Every structure is written in structure tokens, then in C-alpha cells.
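Below, each chain spelled out in residue letters.
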Amino acid sequence: MNIVASLALLQLFLSAAATVSENFSTETVQLAAPGDVVLLQCYTGGNLTPVWTTWIKDGHIIASNGELHVDSSAKDPRLNLELNGSLSITKVIPEDAGSFLCSSRLPDNTTINAHVLLQVTSGPDNVSATIYPTTVLPNRTLVCEKGETLYFKCMARSYPSQQLNLTFSGASNSNTSLAFTPFPILNYTIKDIQPSNQGVYTCSALNTVSNRMVKDSHELLVYYIPSGHPDCMSVEGQNSSSVQLNCSWFGAYPTPQLRWGKDGDFQVTDSLVVSLNSSTLHDGQKLTCTARHDLLKLENERFCSITLRAPNPEGTPMVTVLEGTNVTLSCREISSVPAANTMWRKGQSQEPIVPGSKYILSGEGPEFKLTIVNISKYDEVYYFCRSENALGIHELEVFLTVKASSSAYSGAVIGVFIAALITGSAFIVAKILYSRRHRICLGKLRTGETWWTWWNRTMSRSFKTPSRDCLL
């Protein structure tokens, strides 16, 4: 068919379309991917076979079975006009996309016109989410360390257009959009990453024409090592024959591995308790707990240790108190590891002291006090501050001396005072006599004269002018 015939056929088609435009159905959108086989339908109203059908795209007749035939130069072997007027396209290529017009004449001379929009889409393909720098675990989970800077790259290929979206789903939120772009590559950065950033990151690629979506997700774990060392502590066991040791290292993620001593296996826990028999322990023994984390190398393992100590109570071994008063005995225990069980006992038989109106027991920190009320001579015994832990028993002996009350000493005090007064008076008299010895002339005791008469006579004469005999 020559060009003139083709133009005549096109004009005839356009004229028919203009006169029966009311027969045009709404535009039908049809999707196909490259390589697909697509069937574009023209007449769908019944089982009648059209007398003739013509398909036009971009102003060119691409298929027709009317009296006039399409120029062989315009023919495409991938196109085939079916008996019912449908257009079949095999091995679709992106260039097939476009608007197709169809006109069919039925046996009753009714003309059917159709408008089909073919959209050729591909993808999204090669969708990938990359997070770096990270470590990949055997289960393909990604791991980073707290405080690092992480870079995210989301890529995909889609035709004719696409939308990339990076979303995050964590413990406290779900499917939060972090960034999106219509371009083939999306970049995103998180500085100083924290445990709250731990979760699933998803790169979603949407073909905005076909609405087909493809995703690529990765779970990210944020590992964290506490800045300090593990904590070691000891507690007294169920009885004095055992010791419980506790090693804890809280705040690490994932859960660390702990081990007491050099023997045995590491246990995955943040608090490890062991019980040791006292027969295997001795004073000054050092016990070590080793903490290990996935991010730590063997040479960087963390440690804590406990040095066991037998008890050693301290205090004043001798106390003196007056009868009828109160006294408080003190005992201090600060060296025992684990902490000792300390109590006061009385007498050589070390009878336990029962608190009451006579004995008051109190404690403040490492200091243990025993207050004895209304002291009597019966309280003058040994008291023992007894401390015990799994490493042994040690005691502080305190002897209480009770003295009589002040009223019993009043007579003795007065006697001492009088004796001192007499002695002092004699000293004063002797000093006076000595200082006046040149004026005092002692006469002889006359017959029948008393000592008192002699003393008065002598003193009265001595204070007068001394005789020559006295001066000599």
C-alpha cells in the first residue's frame, strides 16, 4: 500500500473516530515489563468478530486487517492482530510504552473505539542497603560499637522512576522514616551512635509507575562496654563454713562472660555468684573474677579481686569504773573479709549476753558497743568481743575493774586531811623555833613543875632580852 492509501486510511479512521467519539471508552492503563507478552484489547462488549480493526500509535498505523494494508516498512514482527481485534505484543521493550488508539467495525456497522495506555516498567532491581563500618556476625547481623559514626547507603534501579526511603524500627519506635530521595542513591549518617539506635534499618525502593516495592533490611546491634571494671564482693554463707563470692558487671551489651578463678568455664551473665568451702580458704588468699566481652581481646580482659582476711577486733583491754555508775565497752571490727559475725560474751565460760535492762547492745557501722547499767562488784569479770567468719574466730578480752563509790572514801579523806594538818603545824612551829633560837633559852624542868607550866615560863622569858648564858 502506498503512502496515499495509508493517509486515506488514517483520515478515514480519524473521521470515524470523530463521528462516533461517544463510543470511546475511558482510557485503559496496562502495565508490562520488558520481555513480557502483552495483549491490548479493542472490543470487549461481546462475542462478535469485528469486520475490520485498526491500531494507531503516535500517528502511525501499526496494525490493520481492513481492505487497506499497512506498509510493510512499518510492520513489526512482534505485533500480531488477533481475530477479535486485540493487539498482541511479544517481547515488550521500553520503546513500546505509549498511547494506543483502536477502531473496530462490527458486523452491524457499529464502530468501537478504544484508548489503551501501555506503560513499560522495570524494577526496582538491585536494591541494597549498606551500613559501615560494621562487623558481620555469622547470622548476618551487623555490629558496631557505641560512639562510632555510621554511614548508610541505599541503592536501587527502577524504570521509569523510583522513590528510595530509609526507615528505622527500634525498641521504642517502629518504621520511622529517616530519609528519602527520587534519585538512585540515598546517603545517610549517624554520628555518636547510641544503644537507642539499635534496631532494623530498611531500604525501600518504590517504582512510582508500577507501585512495585522492594526492600532490603539489616539488623544493627550497638555493643557497649562499661568504662569501669567488674565489682567483686563477698558475703558470709549460710553458715560459717562457707563464703559466697559475687562478681557483677552491669551495663554491658551483649551480656558479658564472667568467671571466678582460673579454672572452670566462662558463664554468660552479668552477675556470677559462687559458694566456696572454708576448708579451701586461708587468710590473705586473693580470689579474682575475670570479665570478658565480645569486643574485648584476651589481653584486654577486665578483672576484680577480693583478698580474704580473718577477723581482728580492736578495743581497750582494761576498763575501770566506779560502783553504781554505767559503762560502755566498745569493740571495732574493720579488717575481716567477708564481714564477721561479732557479738559480746561474758565470763570465762563466755556466756552470750542477752539484751535487757542490765545490758544494752548497740552498733554503728563497724563498731559494736555493750552498755552495762548500775555497775556492781558482780560485774567485775572478763568480757569478750567475739568475731567470726569463715577464716576463723578472734576475740578481744576486756577486763572490767569496779571501785567502791565516793561515800566509802569520805572518812579516809578526812583522816588524811587531819594528819596533813598536824604535820604541817609541827613543821611551822619547828621553823619558828629555829628562826628564834638566839632568843630562846630553855630552862630545866623544876621539881613539881608540869610540862605546860615549863613551856609558858620558857616562852615568856625567851621573848625578852636573852641572858648571857643563852647567847653563849
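On a predicted model such as this, the values are computed, not experimentally measured, just so you know.

**Section: the overall build of the protein**
Counting its secondary structure elements, the protein contains 4 helices and 32 strands. Taking all contacts inside the protein whose residues are at least 6 apart in sequence as the whole, residues at least 24 apart take part in 61%. Accessible surface, the protein: about 27900 Å² in total, of which carbon and sulfur atoms supply 55%.

**Brief notes about the nonpolar core**
Generally speaking, soluble globular proteins have nonpolar side chains that are buried together. One finds Leu150, Phe152, Ile193, Tyr201 and Leu220 to be the most contacted residues of the largest nonpolar core, which totals 21 residues. The dominant element in this core, judged by the number of residues it contributes, is strand E12 (residues 150-159), at 4 residues. In this structure, Cys232, Trp249, Leu258 and Cys289 belong to the second largest nonpolar core, which totals 20 residues.

**Topic: the packing of aromatic side chains**
Under the defined criterion, the tally for this structure stands at 7 aromatic pairs. Their ring planes at 55° and their centres at 4.9 Å tell us that Tyr382 and Phe399 sit as a pair that is tilted. Here Phe399 lies in strand E32 (residues 392-403) and Tyr382 lies in strand E31 (residues 382-389), a separation of 17 residues in the sequence. Using a relative accessible area of 33% as the deciding quantity, one classes Tyr382 as partly exposed. Members of the aromatic cluster, connected to one another through ring pairs, are Phe152, Phe168, Tyr188 and Tyr201. The ring of Tyr224 carries the charged tip of Lys146 above its face, separated from the ring centre by 4.1 Å. Sitting over the ring of Phe266, Arg292 keeps its end group 4.0 Å from the ring centre.

**Quick look at the side chain of Ser204**
Within the secondary structure, Ser204 sits in strand E16 (residues 199-207). With residues near it in sequence (within four places) discarded, Ser204 still touches Cys154, Gln163, Leu164, Asn165, Met213, Val214 and Lys215.

**Section: the pattern of salt bridges**
All told, the structure shown has 8 salt bridges when counted by the stated rule. Put simply, Arg386 and Glu388 hold a salt bridge, and the shortest N to O gap is 3.3 Å. By relative accessible area, which is 16% here, Arg386 ends up buried. Each of Asp76, Arg78 and Asp96 takes part in salt bridges that share partners, so that together they form one network.

**Focus on the sheet that holds strand E22 (residues 271-277)**
Taken together, 3 strands build an open sheet; the order of strands is E18-E19-E22 and the sheet is antiparallel. The open sheet has two free edges, formed respectively by strand E18 (231-236) and E22, since each of these has just one partner strand. The average angle at which neighbouring strand axes cross in this sheet is 20°, direction not considered. Summarising the sheet, E18 and strand E19 (residues 242-248) pair through 6 bridges and their orientation is antiparallel. When the sheet's bridge partners are listed, Cys232 is paired in E19 with Cys247.

**Structural notes on the confidence of the model for the protein**
In this model, the protein carries a mean pLDDT of 83, and residues with pLDDT of at least 70 account for 79%. Across residues 463-472, confidence stays below pLDDT 50; counting only partners more than four residues off in sequence or on other chains, it has 10 contacts.

**Some remarks on the state of the cysteines**
One covalent bond between the sulfur atoms of two cysteine residues makes up a disulfide. This structure, assessed with the given rule, holds 5 disulfides. Sulfur-sulfur distance for the disulfide between Cys42 and Cys102 comes to 1.7 Å. Looking along the S-S bond of the Cys42-Cys102 disulfide, the torsion reads about -100°, which is the left-handed sense. In this pair, Cys42 sits in the loop between strand E2 (38-40) and strand E3 (52-57) while Cys102 sits in strand E7 (residues 98-105), placing the two residues 60 residues apart along the sequence. The exposure classification of Cys42 matches that of Cys102, with both residues buried. With its sulfur 2.0 Å from that of its partner, Cys247 forms a disulfide with Cys289. Between Cys247 and Cys289 the sulfur-sulfur dihedral comes to about -75°; the bridge is accordingly left-handed. In this pair, Cys247 is assigned in strand E19 and Cys289 in strand E23 (residues 286-292), connecting sequence segments 42 residues apart.

**Details of the sheet that holds E2**
Across the sheet, 3 strands lie side by side as E2-E6-E5; this open sheet has antiparallel pairing. Edge strands, defined here as strands with exactly one partner in the open sheet, are E2 and strand E5 (79-81). For this sheet, the mean inter-axis angle between neighbouring strands, taken without regard to orientation, is 20°. Taken together, the 3 bridges between E5 and strand E6 (residues 87-89) define a ladder with antiparallel strand orientation. Bridge assignment links Leu79 to a residue of E6, and that residue is Ile89.

Rules and cut-offs
Residues numbered from 1 in each chain as written. Predicted model: local features only at pLDDT ≥ 70, side-chain atom pairs only at ≥ 80, totals over all residues. Heavy atoms only, no water. Helix = DSSP H or I, 4+ residues; strand = E, 2+ residues; numbered from the N terminus. Contact = heavy atoms within 4.5 Å. Areas by Shrake-Rupley, 256 points an atom, 1.4 Å probe, with all protein chains shown as cover. Core = buried A, V, L, I, M, F, W, Y, C linked by side-chain atoms within 4.5 Å. Buried < 20%, exposed > 50% of the residue type's maximum accessible area, 1.4 Å probe, protein only. Phe/Tyr/Trp six-rings, centres within 6.5 Å; stacked < 30°, edge-to-face > 60°. Lys NZ or Arg CZ within 6 Å of the ring centre and 35° of its normal. Salt bridge = Lys/Arg side-chain N within 4 Å of Asp/Glu carboxyl O. Pairing = 2+ DSSP bridges. Axes fitted to C-alpha atoms, helices over the stretch in contact; angles between N-to-C directions. pLDDT = per-residue confidence, 0-100. Disulfide = S-S within 2.5 Å.

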